[in-house]
Amino acid sequence: MKKILRFIITKKNLRWTLLFALILIVIIFFTVNRNNDVIVIKKHRLYQYFDGIKFEFKGRIQINKKSEEITKISFEGNTTELDSFPLYYEDIPQLIFPKNMAVVYPLTGKQYKVNFFTTAYLDADEVCVKDKRLVKRLFDAIIYDGRDLYITTEDSTVTIGNNVYNVSALSYIEVNTFSQTVKMFDYKNEKYTSVDNVVDEVIISNGSYKVNASLDLMYYDNKSKLFIKDVNKLTNLPKKG
């Protein structure tokens, strides 16, 4: 053993030893990074809703993060590109985010990021998020994609003019001011609602906070603050606080 160590640390061989170690580190880094950019689901079915139509993904499901903007899903010989809409599990109260999302606390104005492939799930009627090793319960928070999509973490109301809609935790609300449409998926009741010709402001509330989804605006401490559009610039969601 001593002879081997003396051989490695001699000036003649030290350069090659360091080069080999560097190559090995690079290989390990890219292997781990590649694995983090791919997720395979075999035992569960997933689904999404588009314009009121339920699309199911089954069999061997593979989700690939191709770049910062592109995420693709492959299943049963088909491949399609995903947007930021969550993928819901068919048999367990859980969803997965194909892209980075913001976790916003409207009562304090704080905004953080959870990374692509983060899951959100119900545990004793409370929403938890799991981002790699981080597991955290969310209270008085809403999840946002940086554009038009909001995901609730508690039972909430969506108010459009004089109309009030009830949605459960893990539901989504898409507010498109350009097309004047609001599309909602109530997770608990698996109910899809589409509202057209929306000219009133869309307000999402859990009873404690109020968010103006038409303006991407939160209200707290008699102040207001815009949601940050570039989710990637946010710091990661901390374990505490």
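Residues numbered from 1 in each chain as written. Predicted model: local features only at pLDDT ≥ 70, side-chain atom pairs only at ≥ 80, totals over all residues. Heavy atoms only, no water.

Which parts of the structure should I look at to understand the pairing of strand E4 (residues 61-65)?
Two faces, one strand: in a regular strand the side chains alternate between the faces of the sheet. Where burial is concerned, most of E4 is hidden: 5 out of the 5 residues are buried. Side chains Ile61, Ile63 and Lys65 of E4 all project onto a buried face; the interleaved residues Gln62 and Asn64 project onto the opposite face, where all are buried too. Relative to E4, strand E1 (residues 38-41) is paired through 4 bridges, and the arrangement is antiparallel. Across the sheet, Ile39 pairs through a bridge with Ile63, a residue of E4. (Buried < 20%, exposed > 50% of the residue type's maximum accessible area, 1.4 Å probe, protein only. Helix = DSSP H or I, 4+ residues; strand = E, 2+ residues; numbered from the N terminus. Pairing = 2+ DSSP bridges.)

Explain the pattern of salt bridges to me, please; I cannot follow it from the model alone.
Close approach of charged atoms allows side chains with opposite charge to pair. Tallying each qualifying case throughout the model produces 8 salt bridges. Taking the shortest distance from any N to any O, the salt bridge between Lys54 and Glu190 comes out at 3.0 Å. Of this pair, Lys54 sits in strand E3 (residues 53-57) while Glu190 sits in the loop between strand E19 (181-186) and strand E20 (191-195); the two residues are 136 residues apart in sequence, bridging distant segments of the chain. Relative accessible area serves as the criterion here: at 28%, Lys54 is assigned to the partly exposed category. Looking at Glu190, the relative accessible area reads 33%, which means it is partly exposed. The closest approach of N and O atoms between Arg147 and Asp145, which form a salt bridge, is 3.8 Å. What makes Arg147 partly exposed here is its relative accessible area of 42%. Connected through salt bridges with shared partners, the residues Lys54, Glu90 and Glu190 form a single ionic network. (Salt bridge = Lys/Arg side-chain N within 4 Å of Asp/Glu carboxyl O.)

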